[in-house]
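Each chain, letter by letter, is given below.
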Amino acid sequence: MPSISSKHISTALLVFSIFITLTFPDVLTELVVEAIHIIIEIVVEISDVIFEAVESMLDQFVEHSFHTELHDTQIIVFYIILSVLMIPGYLIARILPKLYFYLESKITTTYQSRKLESQLYWLGLSRNDKIKLGIMIMSGLYIASFFIM
């Protein structure tokens, strides 16, 4: 009696995944999008609960420490939170221009090198190879159009 190894299981899962992807691409795409949406929604809800808890603790701390009224407490807590959030905002504002210029130069360099490689590849092809490549690209775009609609 043949035994089932992990290699057989992984191969079967791979074949099954490819079959599902080719058979139901819209269902798979919708499933992935919904999963990402749920994860983002959960992260936002947890962040909101944590923020509300911190704000409530700050409210109680300020109210009991300084014996203030509700409106004064809210103003003090607002400025405390604003001053705490200004530190990461300042750091992000300092990092973003450097990151932008780094990514801009990296993308420009990559684009230019890929463009040059493509041009050299195209110039190196014979007429028959250029026709074959054109037919393969057009066939691929035609097949891909079925997944878009």
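One can find the structure itself at the top, above this paragraph.
The structure presented is a predicted model; accordingly, all values stated were derived computationally and were not measured. (Residues numbered from 1 in each chain as written. Predicted model: local features only at pLDDT ≥ 70, side-chain atom pairs only at ≥ 80, totals over all residues. Heavy atoms only, no water.)

Participant: It is not clear to me how the overall build of the protein should be interpreted in this structure. Could you clarify?
Facilitator: Scanning the protein from terminus to terminus reveals 4 helices and 0 strands. Reading the protein from its N terminus to its C terminus gives the helix and strand order α-α-α-α. In summary, the protein has a C-alpha radius of gyration of 29 Å against a globular reference of 15 Å for 149 residues, an excess of more than 25%. Taking the principal axes of the C-alpha coordinates as reference, the protein spans close to 85 × 55 × 35 Å. Out of the 149 residues belonging to the protein, those deemed buried represent 4%. When the accessible surface of the protein is totalled, it reaches about 13400 Å², and 73% of it is carbon and sulfur. Charged side chains of the protein number 9 positive and 15 negative; the gap between the two group centres comes to 35 Å. (Helix = DSSP H or I, 4+ residues; strand = E, 2+ residues; numbered from the N terminus. Rg over C-alpha atoms; globule rule 2.2 N^0.38 Å. Buried < 20%, exposed > 50% of the residue type's maximum accessible area, 1.4 Å probe, protein only. Areas by Shrake-Rupley, 256 points an atom, 1.4 Å probe, with all protein chains shown as cover. Lys, Arg positive; Asp, Glu negative; His and termini not counted. Charge placed at Lys NZ, Arg CZ, Asp CG, Glu CD.)

Participant: Would you take a moment to explain the packing of aromatic side chains for this structure?
Facilitator: Here a ring pair, both rings aromatic, is described through the centre-centre distance and the interplanar angle of the planes. Applying the stated criterion to the full structure yields 3 aromatic pairs. Pairing Tyr100 with Phe101 gives two aromatic rings, centres 5.3 Å apart and planes at 70°, and the pair type is edge-to-face. (Phe/Tyr/Trp six-rings, centres within 6.5 Å; stacked < 30°, edge-to-face > 60°.)

Participant: It is not clear to me how the packing of helix 2 (residues 25-66) against helix 3 (residues 70-124) should be interpreted in this structure. Could you clarify?
Facilitator: The geometry of a pair of packed helices is captured by two quantities: the angle between their axes and the separation between those axes. Interhelical geometry of helix 2 versus helix 3 gives an angle of 125° and a closest axis separation of 9 Å. Accordingly, the angle class assigned to the pair helix 2 and helix 3 is oblique. Crossing angle aside, the handedness with which helix 2 passes helix 3 is right-handed. Judged by residue contacts, Phe51, Glu55, Leu58, Asp59, Val62 and Glu63 of helix 2 engage Thr73, Ile76, Val77, Ile80 and Ile81 from helix 3. The class makeup of the residues in the contact of helix 2 with helix 3 is 7 nonpolar, 1 polar and 3 charged. (Axes fitted to C-alpha atoms, helices over the stretch in contact; angles between N-to-C directions. Parallel < 35°, antiparallel > 145°, perpendicular 65-115°, else oblique. Left-handed = near helix turned anticlockwise from the far one by under 90°. Contact = heavy atoms within 4.5 Å. Nonpolar A, V, L, I, M, F, W, Y, C, P; charged D, E, K, R; others polar.)

Participant: Honestly, a negative patch on the surface in this entry has me stumped. Any pointers?
Facilitator: On the surface, a cluster of negative charge is contributed by Glu41, Glu45, Asp48 and Glu52. If you trace the backbone, Glu52 turns up in helix 2. For Glu52, a relative accessible area of 40% corresponds to the partly exposed category. (Patch = residues over 30% accessible without salt bridge, like charges linked within 9 Å, V, L, I, M, F, W, Y side chains within 5 Å. Salt bridge = Lys/Arg side-chain N within 4 Å of Asp/Glu carboxyl O.)

Participant: How do you make sense of a nonpolar patch on the surface when you look at a structure like this?
Facilitator: Together, Ile87, Tyr90, Leu91, Ile92, Ile95, Leu96, Leu99, Tyr102, Leu103 and Ile107 make up an exposed nonpolar region whose accessible area comes to about 1000 Å². By secondary structure assignment, the location of Leu96 is in helix 3. In this structure Leu96 comes out as partly exposed when scored by relative accessible area, which is 47%.

Participant: Got a minute to help me understand unusual backbone geometry in this structure?
Facilitator: The phi angle of most residues is negative, glycine excepted, and most peptide bonds adopt the trans form. One non-glycine residue, His67, lies in the positive phi region at around 50°. Accessibility expressed as a relative area gives 69% for His67, which makes it exposed.

Participant: Can you help me understand the side chain of Thr73 in this one?
Facilitator: Relative to the helices and strands, Thr73 is located in helix 3. The buried category is assigned to Thr73, whose relative accessible area is 1%.

Participant: Would you explain the pattern of salt bridges in this entry?
Facilitator: Opposite charge on two side chains lets them pair, provided their charged atoms get close. By the definition in use, this model includes 1 salt bridge. Between Glu117 and Arg114 there is a salt bridge, with the nearest N and O atoms lying 3.6 Å from each other. Of the two residues, Glu117 and Arg114 both sit in helix 3, 3 residues apart, roughly one turn of that helix. Residue classification places Glu117 among the partly exposed positions, given a relative accessible area of 47%.

As far as function goes, none of this settles anything; it's purely spatial.
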